[in-house]
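Structural description and commentary
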Amino acid sequence: MAYPKDFKYTKSHEFIKVSGKQGTVGLTSYAQDALGDIVFVELPPIGKEFKQNDVFAVVESVKAVSDCYCPAAGKVVKVNEKLAEDPALINRDPHGEGWIMVIELTNPKDLDNLMDVVAYEDYEAKAEHHH
Amino acid sequence: MDNLRKTPNYDMHFKYGGKVVDFGGWALSVQFSGILEEHKQVREKVGLFDVSHMGEATVVGEQALAFLQKLVSRDLTPMEEGQVFYTHMLYPNGGTVDDLMVTKWGPTDYFLVINASNAAKDVAWMQKLAQEFPKVKVTDLSADTAELALQGPLAPATMQKLTKVDLSKLGYYHAVRKVEVAGIPNCIISRTGYTGEDGFEVFCDPANANKLWEAIMEAGKEFGIKPIGLGARDTLRFEASMPLYGQELDQNTSPLEAGLGRFVSVDKPTPFIGQEALKKQVAEGLPKKLVGFEMVDRGIPRHNYPVAKNGKEIGYVTTGSFAPTLNKNIGNAFVPVAEAKIGNEFDVIVRGKPLKARIVKTPFYKRKK
């Protein structure tokens, strides 16, 4: 799979795309593929604050319920309302239209703990092999 | 995968792109192309399932019927040769050992299909009862039998290309044995399945299972046939309100509580194991009852989520899912009998939050005939 070069990645298969003080957060293509058809997304409320690794959303496929972990501390400034009507956007375009939320970063240093694309592709390949 | 049991079609799962998982100790595909797509495929066209993990047994001998009459809760005396009955084996307390399919080949010759997860327990249960019947022989054929299921409205057209048996004369819940399918001798064709659609279950020697798989895929090519995984198998059976052992049925649940009374002969003239307990449930009222519900609030109910009314826990979800054909979130739940009325509302506790649900009529889905 091809992953955007300018994103940062978590071991639990979330991404964050940072632009200034804000970060767009979603699930990686690996995560959506492992989950299968996504049929429900429980979005966080605007204004809610999360620490790094807090559960910020729940994504449900036909068979499974999965927690999504926040890549970096932040305050929710925007959520992808389209997912309420069309949760499969995450399957179709995980790194684009299927984003989940935008946060205002409250501790940008958290980003240093994340993987860059090279590290993530290597990590993903190992997970795929193990799977 | 090395520590898992493999069905005779193990290689087919990889050849056809299945996502193979550990399913109760068996290596089986949860999906091939995707659960939603596979579900739709079976409702609208035809799909092929590997169900070789299911258990099979034969009950043969002069006392075969007497033995089975004591073993299961449904009266088998009206069975015709070649007919298939869905029924239950019960514990003395009325709880369920397993649900099963019984096929009658002749007055002294029956064929049983039991759940994979219960096969060892079921065979031990039957062997124990068989000690009271010296003229009956129970044989576990699970390891010597492959089973494939072909389900969907185009299953008859697909199947007819592979056999000389006139399938227009093989009624629903009827079976034939010792027939040739795709040139494979000594097969059983049973017009049964667990999806709510028309279709067949075919049994053959495990050595021929891959040949049968490929022949069915080839015959169904013109109808767009696809292999179907366990994910869609569960959503299909659930929409059709067919119970799953471990969810709607278990050792603490009688088939009456699970809403399966039409398959139970409580007043069977010859006694069966669990009969007294069922009679008591009828006389005194059922302790709990299975209902179907749909979510009013947004959220998906799941297995074992609590059900509450006015903040008090009153029951639990047995199966819950997004229902692909209905495009709704639905579930089954056990609730007290007083609450089990169509239109009654209760809360399903989803991750700590009470979400409103309403009891609806089941089956959720019924095919048009």
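Residues numbered from 1 in each chain as written. Chains lettered and ligands numbered in written order. Predicted model: local features only at pLDDT ≥ 70, side-chain atom pairs only at ≥ 80, totals over all residues. Heavy atoms only, no water.

1. Points about the environment of B:Gln83
All names here are of chain B. Put simply, the rule reads: Only DSSP runs of H or I reaching four residues or more are called helices, and only runs of E reaching two or more are called strands; each is numbered from the N terminus. Contacts are assigned to residue pairs with any non-hydrogen atoms lying within 4.5 Å of each other. Under the rule applied, a polar contact is a pair of N or O atoms within 3.5 Å (in protein, one hydrogen donor and one hydrogen acceptor; residues adjacent in sequence only if both atoms are side-chain atoms).
As for its position among the elements, Gln83 is in the loop between α3 (64-71) and β6 (84-90). Sequence spacing of Gln83 and Gly106 is 23 residues, and the spatial spacing of their C-alpha atoms is 9.9 Å. For Gln83, the residues in contact, after removing those within four places along its chain, are Pro78, Val102, Thr103, Lys104, Tyr173 and His174. Here Glu80 takes part through its backbone nitrogen, which lies 3.0 Å from a polar atom of the side chain of Gln83.

2. Some thoughts on the interface of chain A and chain B
Selection criterion: Joining two parts hides part of their accessible area as seen by a 1.4 Å probe, and the buried area is that hidden amount summed over both. Each salt bridge in this description consists of a side-chain nitrogen of Lys or Arg and a carboxyl oxygen of Asp or Glu lying within 4 Å of one another.
The interface of chain A with chain B comprises 15 residues on the first partner and 19 residues on the second. Across the interface of chain A and chain B, roughly 1500 Å² is buried in total on both sides, 50% from carbon and sulfur atoms. Considering only the side of chain A, the residues that lose the most area to chain B are A:Phe40, A:Val62 and A:Lys63, jointly responsible for 39% of the buried surface there. For the pair chain A and chain B, the interface holds 5 salt bridges.

3. Considering the environment of A:Gly23
Residue and element names in this part refer to chain A. Applicable threshold: Only protein chains enter the calculation, and the probe is 1.4 Å; a residue is then buried if its accessible area is under 20% of its type maximum, exposed if over 50%, and partly exposed in between.
By the element assignment, Gly23 lies in strand β3 (residues 22-27). Of the residues examined, Gly23 reaches a relative accessible area of 1% and is grouped as buried. Beyond its immediate chain neighbours, meaning those up to four positions away, Gly23 contacts Ile16, Lys17, Val18, Met101, Val102 and Ile103.

4. Re the confidence of the model for chain B
Put simply, the rule is: The quantity known as pLDDT measures the predictor's confidence residue by residue, on a range of 0 to 100.
Per-residue confidence for chain B averages 97 on the pLDDT scale, and 100% of its residues sit at or above 70. What the predictor reports for the complex is a pTM of 0.95 with an ipTM of 0.91.

5. Some words on the sheet that holds strand β2 (residues 19-23) of chain B
Residues and elements named next belong to chain B. Applicable threshold: At least two bridges found by DSSP between two strands are what make those strands a pair. Only C-alpha atoms enter the line fits that serve as axes; for helices the fit covers just the stretch in contact. Angles between N-to-C directions range over 0 to 180 degrees.
Read across the open sheet, the 3 strands follow the order β1-β3-β2; overall the sheet is mixed. At either margin of the open sheet sits one strand with a lone partner, and together these are β1 (5-6) and β2. In the sheet, β1 pairs with strand β3 (residues 26-31) via 2 bridges, with the strands oriented parallel. Bridging from a neighbouring strand, Arg5 pairs with Trp26 of β3. Helix α7 (residues 230-239) rests against β2 and β3 of the sheet, and its axis sits at about 70° to β3.

6. Observations regarding the side chain of B:Glu257
All names here are of chain B. Formally: For the purpose of counting charges, residues Lys and Arg are taken to be positive, whereas Asp and Glu are taken to be negative. His and the chain ends are not included.
Note that Glu257 resides in the loop between α7 and α8 (275-284). Lys288 provides the closest opposite charge to the buried, unpaired Glu257, separated from it by 4.8 Å. In this view, Glu257 contacts Asn252, Gln281, Leu286, Pro287, Lys288, Lys289, Leu290 and Phe334; residues no more than four positions away in its chain are not counted.

7. Focus on the nonpolar core
We apply this condition: Among buried residues, those of type Ala, Val, Leu, Ile, Met, Phe, Trp, Tyr and Cys that are joined through side-chain atoms within 4.5 Å constitute a nonpolar core.
Within the largest apolar cluster, 32 residues are counted, with the highest numbers of intra-cluster contacts made by B:Phe49, B:Tyr86, B:Met101, B:Phe111, B:Val113, B:Leu249 and B:Leu260. Of all the elements in the fold, those that place two or more residues in this core are β4 (38-42) of chain A together with α2 (35-44), β6, β7 (96-106), β8 (109-114) and α7 of chain B. Beyond its immediate sequence surroundings of up to four residues, B:Phe111 is in contact with B:Glu56, B:Ala57, B:Thr58, B:Met101, B:Val102, B:Thr103, B:Trp105, B:Ile188 and B:Phe203. If you look at the next biggest cluster of nonpolar residues, it comprises 30 residues, including B:Met12, B:Leu148, B:Val165 and B:Leu212.

8. Considerations on the packing of aromatic side chains
Applicable threshold: Under the pairing criterion, centres of Phe, Tyr and Trp rings, with the six-membered ring standing for Trp, must be within 6.5 Å; the plane angle then separates stacked pairs below 30 degrees from edge-to-face pairs above 60, leaving the rest tilted. Only Lys NZ and Arg CZ are tested; either one counts as a charge over a ring when it is within 6 Å of the ring centre and within 35 degrees of the ring normal.
Applying the stated criterion across every chain, the model contains 18 aromatic pairs over all chains. Taking 4.6 Å as the distance between ring centres and 10° as the angle between the ring planes, the aromatic pair formed by A:Tyr9 and A:Tyr120 counts as stacked. Of the two residues, A:Tyr9 is situated in strand β1 (residues 8-9) and A:Tyr120 in helix α4 (residues 117-130); the sequence distance between them amounts to 111 residues. Assessed through its relative accessible area of 1%, A:Tyr9 is described here as buried. For A:Tyr120, a relative accessible area of 0% gives the class buried. Taken together, the ring pairs connect A:Tyr3, A:Phe7, A:Tyr9, A:Phe15, A:Tyr120 and A:Tyr123 into an aromatic cluster. The ring of B:Phe85 has B:Arg74 sitting right over it, with the charged end atom 3.7 Å from the ring centre. For B:Lys288, the ring lying beneath its charged end belongs to B:Phe334, and the centroid distance is 4.5 Å.

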